[in-house]
Structure formats: C-alpha cells, structure tokens
Amino acid sequence: HMLTAAYLEQFFNVEGQGVDAIQNIVFDVVCNIEISDQELLSVSTEGASGRSLQDVSVILTFTTTISYRTFSESLTPDTVAERPFVDEHMRLDYVQFLSENNAAQFVGDVLGVSAIFRGDDVPETPSEFLPSINNTPPPVSSAPTV
C-alpha cells in the first residue's frame, strides 16, 4: 500500500510526466492508503495445451486519504484518487511501477490491476473484477527458448 500511495503522489507531482488533463492540473499530492480487507479469488482456466491453469487474484478493500492542490474548483477527491487507474494504459504504468520498485518481494508478481470501484460501483460478484484484469498482456520472458 505504501508503493500505491507513492505511485499516486508521483503520478501527479512529477512535472511533465503525462499528457492527461487532470494529471496536469493537480499538484502537491499527499496520499495515504490503508487496506481494510483482502479476498483471494481463484479461477480455473484452460491453457493452450489443454491443461487446467489456476489464476489467483486478490481483491483489496482500502481507504485512501488524499490531499492536493488544483486549479479546478470542480475536481473531486474521488476523481483525483481514481485517475491513475482510469484506463488500461495507466494501470499498466502502475504495474510497471510496482515491478520497478520490487513489489514482488512483498506481494508476489503483479500482472494486472483493475479500475478502482467504490460504493455502489463495486461489482456484486468477484468474477466481475476479472475482465479488466485479464486484458493485461502476459509478462514477456527474456529466457531463451529451446
């Protein structure tokens, strides 16, 4: 959760990092994330070889406390907190950030993340989270093939 808070802060506080309109009008972001629950979700799928594969995902429930400055009076804290995860490209940047900052040492390999859901937007069944996670391309191995 500390890496996620650092990512949120970096997303907004590093000048010239992105071309996103909201990203460019928010600054001096300070973020804290507290995880209140985690749920393991396992789904069996059939691989290319016909073997059954186990896909394990974790659903995190968390509270984000965020402070920031902006030039926009209409920008809400929810919009700011959700912005770095709003589309697939931004979520892939987050996965790369986790990889570059050795998150695997603490939580294992992160291959994809979903959008942020809150309040009434939370899917009723955990399997509804999977479509946005499964669109993440598989990791590329640099190991030679035989």
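Nothing here was measured: the structure is a model prediction, and the numbers come from that model. (Residues numbered from 1 in each chain as written. Predicted model: local features only at pLDDT ≥ 70, side-chain atom pairs only at ≥ 80, totals over all residues. Heavy atoms only, no water.)

Asker: Tell me about the overall build of the protein, and name the residues and values.
Answerer: Of regular secondary structure, the protein possesses five helices and two strands. Shown N-terminal to C-terminal, the secondary structure of the protein runs as helices and strands in the order α-β-β-α-α-α-α. Carbon and sulfur atoms form 52% of the exposed surface of the protein, whose accessible area is close to 10,000 Å². (Helix = DSSP H or I, 4+ residues; strand = E, 2+ residues; numbered from the N terminus. Areas by Shrake-Rupley, 256 points an atom, 1.4 Å probe, with all protein chains shown as cover.)

Asker: Describe the pattern of salt bridges, listing the residues and the values that go with them.
Answerer: Under the definition given, this model contains two salt bridges. Close ionic contact of Asp 20 with Arg 83 constitutes a salt bridge, the shortest N to O distance being 2.6 Å. Here Asp 20, found in the loop between α1 (2-13) and β1 (26-46), pairs with Arg 83, found in the loop between α2 (77-82) and α3 (88-100); they are 63 residues apart in sequence, far enough to count as distant. A residue is classified by how much of its surface remains accessible, and Asp 20, at 10% relative accessible area, is buried. Asp 28 is the salt-bridge partner of Arg 69, the closest N and O atoms lying 2.9 Å from each other. Of this pair, Arg 69 sits in strand β2 (residues 52-70) while Asp 28 sits in strand β1; the two residues are 41 residues apart in sequence, bridging distant segments of the chain. Judged by its relative accessible area of 49%, Arg 69 is partly exposed. (Salt bridge = Lys/Arg side-chain N within 4 Å of Asp/Glu carboxyl O. Buried < 20%, exposed > 50% of the residue type's maximum accessible area, 1.4 Å probe, protein only.)

Asker: Tell me what's going on with the packing of aromatic side chains, and back it up with residues and numbers.
Answerer: By the definition in use, this model includes seven aromatic pairs. Measuring from centroid to centroid gives 4.8 Å for Phe 11 and Phe 12, while their planes differ by 85 degrees, and the two rings are edge-to-face. Accessibility classification places Phe 11 together with Phe 12 in one group, the buried group. Taken together through their ring pairs, the aromatic side chains of Tyr 7, Phe 11, Phe 12, Phe 85, Tyr 94 and Phe 97 make up a single cluster. (Phe/Tyr/Trp six-rings, centres within 6.5 Å; stacked < 30°, edge-to-face > 60°.)

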